[in-house]
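If you want the building blocks of each chain, they are given just below.
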Amino acid sequence: MTCIDRRDVGLLLLRLGTGGVLAAHGTQKLFGWFGGPGLDGAAQFMDSLDYRPGKASALASGLAEVGGGTLLALGLATPAAGAAVAAGMAGAVAVHVPNGFFSQNGGYEHPLSLGLAATGLSVAGPGRLSLDALCGNAVNRDWMVPAAFAVAGAAAAVVIGARQRRLRRRSDGDGEQEALFEE
């Protein structure tokens, strides 16, 4: 039998804290819990941020947070969970970058911290106090880390890139539609 050490306890605490915050935030989007907007409100918000279609974007974001956060907290499928969270947080960082770093100014500090914590957990592994360890690390193999991040990174790049193109088109035209006919 293996001995549990302080590294395992530290990873457990980091997983529970990071995963719990993410899962709670995602339930605000998906179910309206904890004073959140629910899926319809989150969809409208995503549309306003140029993540389109809004409902699909809100659903993907909420699932990445609830699903990825819950899996991280449990220490199950850690590479995929961390990659899903990192991709979702990359989308959030893209929204907050114009406001600078610090969250007090609406900056990207918080989503960056969550994304980096999830990435670190994915790379380090969940430790021995996890469902991955209990299951013999069947869904926590070394090769899964780069594979999961390649897939999640590609998906995030496509979604964020499409948003950036919409924002660029809008700023080129100052967001106003040209008149179809001259007066």
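Please refer to the structure placed before this passage.
Everything in this summary refers to the structure shown in the same document. (Residues numbered from 1 in each chain as written. Predicted model: local features only at pLDDT ≥ 70, side-chain atom pairs only at ≥ 80, totals over all residues. Heavy atoms only, no water.)

## Some thoughts on the layout of surface pockets
Approximately 850 Å³ is the volume attributed to the largest pocket. Along its surface, the largest pocket is lined by 35 residues, and K29, M46, S61, E65 and G88 are the ones closest to its centre. Elements supplying a minimum of two residues to the lining of the largest pocket: α1 (6–31), α2 (38–48), α3 (54–74), α4 (78–96), α5 (109–124) and α7 (144–172). The greatest single-element share of the lining of the largest pocket, amounting to nine residues, is contributed by α4. (1 Å grid on protein atoms, 1.4 Å probe; cavity = no way out; pocket = protein on both sides within 12 Å on 5 of 7 lines; lining within 4 Å. Points joined across faces, edges and corners; volume = space filled by probe spheres on them. Helix = DSSP H or I, 4+ residues; strand = E, 2+ residues; numbered from the N terminus.)

## Thoughts on the pattern of salt bridges
Counted according to the given criterion, the structure contains seven salt bridges. One salt bridge connects D8 with R128, and the closest N-O pair in it is separated by 2.7 Å. With D8 in helix α1 and R128 in the loop between α5 and α6 (131–134), this pair connects stretches of sequence that are 120 residues apart. Residue classification places D8 among the buried residues on the basis of a relative accessible area of 0%. The partly exposed category is assigned to R128, whose relative accessible area is 33%. Taking the shortest distance from any N to any O, the salt bridge between K29 and E65 comes out at 2.7 Å. In this pair, K29 is assigned in helix α1 and E65 in helix α3, connecting sequence segments 36 residues apart. Overall, K29 belongs to the buried group, its relative accessible area being 14%. Residue classification places E65 among the buried residues on the basis of a relative accessible area of 4%. (Salt bridge = Lys/Arg side-chain N within 4 Å of Asp/Glu carboxyl O. Buried < 20%, exposed > 50% of the residue type's maximum accessible area, 1.4 Å probe, protein only.)

## Structural notes on α5
Residues three or four positions apart in an α-helix share a direction because the helix packs 3.6 residues into each turn. The terminal C-alpha atoms of α5, which comprises 16 residues, lie 22 Å apart, in line with the 22 Å expected from a rise of 1.5 Å per residue. Those residues of α5 lying buried are P111, L114, G115, A117, A118, L121 and S122. Around the axis of α5, the buried residues are gathered within 160 degrees of arc, so they sit on the same side. What points out from α5, more than 90 degrees from its buried face, is the exposed set L116 and V123. Looking at the packing, one finds that the buried side of α5 touches α1, α3, α4 and α7. G125, located one to two residues past α5, shows a positive phi value of around 95 degrees. (Expected span 1.5 Å × (residues − 1). Arc of directions from axis to C-beta. Contact = heavy atoms within 4.5 Å.)

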